[in-house]
Amino acid sequence: MDSTVLSGQLDPEDLRDVVRAYQQVCSEIITRFDGHIAQLLGDGLLVYFGYPQAHEDDAQRAIRVG
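Rules and cut-offs
- Residues numbered from 1 in each chain as written.
- Predicted model: local features only at pLDDT ≥ 70, side-chain atom pairs only at ≥ 80, totals over all residues.
- Heavy atoms only, no water.
- Helix = DSSP H or I, 4+ residues; strand = E, 2+ residues; numbered from the N terminus.
- Rg over C-alpha atoms; globule rule 2.2 N^0.38 Å.
- Contact = heavy atoms within 4.5 Å.
- Salt bridge = Lys/Arg side-chain N within 4 Å of Asp/Glu carboxyl O.
- Buried < 20%, exposed > 50% of the residue type's maximum accessible area, 1.4 Å probe, protein only.
- Patch = residues over 30% accessible without salt bridge, like charges linked within 9 Å, V, L, I, M, F, W, Y side chains within 5 Å.
- Areas by Shrake-Rupley, 256 points an atom, 1.4 Å probe, with all protein chains shown as cover.
- Phe/Tyr/Trp six-rings, centres within 6.5 Å; stacked < 30°, edge-to-face > 60°.

Caption draft 1: Expanded view of the overall build of the protein chain. Within the protein chain, the regular secondary structure consists of three helices and two strands. Mapped from its N terminus to its C terminus, the protein chain presents α and β elements in the order α-α-β-β-α. Its C-alpha atoms give the protein chain a radius of gyration of 14 Å, clearly above 11 Å, the size a compact globule of 66 residues would have. Long-range contacts, defined here as pairs at least 24 residues apart, represent 18% of the contacts in the protein chain between residues at least 6 apart.

In structure tokens:
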């Protein structure tokens, strides 16, 4: 998602709604694969796999989420 381009095309309230919807979808997928969202940064996310509980396939889980 390119929020910089969108910010020039949408009203601030509409952009906020789009970013929140994007974050919600990402959160659902990350949670499904036992990822941990450390920080939401607009259209960027800092996500950990293997925290707080490690799995043997955390690298594969991260790839699937991506």
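Caption draft 2: Geometry of the pattern of salt bridges. Counting across every chain of the model gives three salt bridges. The salt bridge partner of Asp-34 is Arg-61, with a shortest N-O separation of 3.1 Å. Linking Asp-34 in the loop between α2 (12–32) and β1 (36–41) with Arg-61 in helix α3 (residues 58–65), this pair joins segments that are 27 residues apart in sequence. A relative accessible area of 38% means that Asp-34 is categorised as partly exposed. The class of Arg-61 is buried, set by a relative accessible area of 16%.

Caption draft 3: Structural view of a nonpolar patch on the surface. On the surface, a cluster of nonpolar side chains totalling about 390 Å² of accessible area is made up of Leu-41, Leu-46, Tyr-48 and Tyr-51. Within the secondary structure layout, Leu-46 lies in strand β2 (residues 44–48).

Caption draft 4: Just the packing of aromatic side chains, in detail. By the definition in use, this model includes one aromatic pair. A ring pair is formed by Tyr-48 and Tyr-51, whose centres lie 6.0 Å apart and whose planes are at 80 degrees; its orientation type is edge-to-face. On the accessibility criterion, Tyr-51 (48% relative accessible area) is partly exposed.

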